[in-house]
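The lines below spell out each chain.
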Amino acid sequence: MAIPNEHRLRELLQIPPEAWVPDDDRPEYWDETFMRLGRGYGFDPEAGEYPVNHGQLVLNLARLVSPLLDGARFTQVLPGDDDVEGEERAPPPEDGDKESGGKDNRYTLRLRHGGRRYSVTFHDFSGFFNINAVLALLNAALEPTGTPMRFFGFGDVVVVGPLRGVQQAMREGFIPGFDGAGVFEDWELEEIDAWSESGDTPESLVRQLEKGRRRVRFCFVV
């Protein structure tokens, strides 16, 4: 195995014991290990365009928990576009862009799965993915499936696993101490809809889930 005590990490992440174990000892960074185990995803936070299309990112992340979200349908309303479904409202002024709260910088992401529609609305004028919104949307869709699996953001790496397992993986050093540094400067965070946080401590993972849960709306659909 590439890391010491990989069996322990597999136990924490609830990976079946019969899953394939590599027989080489090639050194890995922690995120490479999680990706090899199917419990991690690395991405470039900068999409390189505005408005940002979150579709492929959502699709790639949903595959990590297959078959739990198989068949889910993702749609988005990009800044400046009309919302034909029209049921969304913008976040309260204190959560959004204080200078310009119009639809020219408002996104609405939606995910339909299992007879439910989940949606999250936020303001953003950058060329970066709003990973907080994406993870909140996916986590909301996972809740009714009964699985303990959740998505957690660590900067430019997303980790999948049960909350307590990921927390313990941090405590045992499988995930190194993360300083919580984001892709924005502090002054930029005051201007965008920065309503979540990166996972820098086991306790901050709980706050990630709670903040995301508060921002996602859902309704039953036919």
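Our structure's up above, just so we're on the same page.
Values in this document were obtained by computation on a predicted structure and should not be read as measured data.

**Student:** Can you break down the environment of Y29 residue by residue, with the values?
**Tutor:** For Y29, the position within the fold is in the loop between α1 (6-12) and α2 (30-36). Distance in space between the C-alpha atoms of Y29 and P176 is 9.8 Å, their sequence separation being 147 residues.

**Student:** Please set out the pattern of salt bridges residue by residue, giving values where relevant.
**Tutor:** Inspection of every chain in the model, using the stated rule, returns seven salt bridges. Residue R10 is joined to E6 by a salt bridge in which the shortest nitrogen-to-oxygen separation is 2.9 Å. Here the residue R10 and the residue E6 both occupy positions in helix α1, the gap between them amounting to four residues, near one helical turn. On the basis of relative accessible area, R10 is assigned to the buried category, the value being 5%. Residue E6 is classed as buried on the basis of its relative accessible area, which comes to 0%. Note that R110 and D83 form a salt bridge whose closest N and O atoms lie 2.7 Å from each other. Of this pair, R110 sits in strand β3 (residues 106-113) while D83 is found in the loop between β2 (73-77) and β3, placing the two residues 27 residues apart along the sequence. Since its relative accessible area comes to 2%, R110 is described here as buried. Taken together, the shared-partner salt bridges in this structure form one network comprising E6, R10, E28 and R36.

**Student:** I'd like a description of the sheet that holds strand β4 (residues 116-123), backed by residues and values.
**Tutor:** The four strands are arranged β2-β3-β4-β7 in an open sheet whose pairing can be described as antiparallel. Two strands bound the open sheet, and with one partner strand each, they are β2 and β7 (217-220). Geometrically, the sheet is characterised by an average inter-axis angle of 20 degrees between neighbouring strands, direction not taken into account. Here eight bridges tie β3 to β4, and the two strands are oriented antiparallel to one another. For Y107, the partnering residue across the bridge sits in β4 and is F122.

**Student:** How would you summarise the packing of helix α3 (residues 55-62) against helix α4 (residues 131-142) if you had to cite specific residues and measurements?
**Tutor:** Orientation of α3 relative to α4, taken along the N-to-C sense of each, is 45 degrees, at an axis distance of 11 Å. One way to sum up the angle between α3 and α4 is to call them oblique. Relative to α4, the crossing made by α3 is right-handed. Counted together, L57, V58, L61 and A62 of α3 and I131, V134, L135 and L138 of α4 form the full contact between these two elements.

**Student:** Run through the side chain of H54, naming residues and quoting values.
**Tutor:** Mapped onto the elements, H54 comes out in the loop between β1 (40-42) and α3. Of note is the side chain of H54, whose polar atom sits 3.2 Å from the backbone nitrogen of N130. Leaving out residues up to four positions away in the same chain, H54 has contacts with F74, Q76, Y107, L109, F122, F129, N130 and V134.

**Student:** Let's hear about the pairing of strand β5 (residues 149-154): which residues, and what values?
**Tutor:** The element β5 is extensively covered by neighbouring structure, given that six of its six residues are classed as buried. Burial along β5 is two-sided: the face carrying M149, F151 and G153 and the face carrying R150, F152 and F154 are both buried. Two elements, β5 and strand β6 (residues 157-162), share six bridges in a ladder whose sense is antiparallel. For F154, the partnering residue across the bridge sits in β6 and is V157. As consecutive antiparallel partners, β5 and β6 are separated by two residues, and within that stretch G155 has a phi angle of approximately 65 degrees, a positive value.

About the thresholds
- Residue positions are given per chain, counting from 1 as you read along its sequence in written order.
- Restriction of local features to residues with pLDDT of at least 70 applies here, the model being predicted, together with a cutoff of 80 or more for giving and counting side-chain atom pairs; totals for whole chains, interfaces and linings are based on all residues.
- To obtain the side-chain values, all non-hydrogen atoms of the structure were used and water was disregarded.
- Numbering of helices and strands runs from the N terminus, with a helix taken as a DSSP run of H or I at least four residues long and a strand as a DSSP run of E at least two residues long.
- What counts as a salt bridge is simple: a side-chain nitrogen of Lys or Arg found within 4 Å of a carboxyl oxygen of Asp or Glu.
- The classification of residues rests on relative accessible area computed with a 1.4 Å probe and restricted to protein chains. Under 20% of the type maximum is buried, over 50% is exposed, and intermediate values are partly exposed.
- Pairing between strands is defined by DSSP: at least two bridges between the two strands are required.
- All axes here are fitted lines through C-alpha atoms, helices being fitted over the stretch that makes contact, and every angle between N-to-C directions spans 0 to 180 degrees.
- Orientation categories follow fixed angle ranges, with anything under 35 degrees roughly parallel, anything over 145 roughly antiparallel, 65 to 115 roughly perpendicular, and all other angles oblique.
- For any helix crossing, the convention is left-handed if the near helix is rotated counterclockwise from the far helix by under a right angle, and right-handed if that rotation is clockwise.
- By definition in these notes, contact holds between two residues if any of their heavy atoms fall within 4.5 Å.
- Counted as a polar contact is a pair of N or O atoms within 3.5 Å, where, for protein atoms, one must be capable of donating a hydrogen and the other of accepting one, and residues adjacent in sequence contribute only when both atoms are in side chains.

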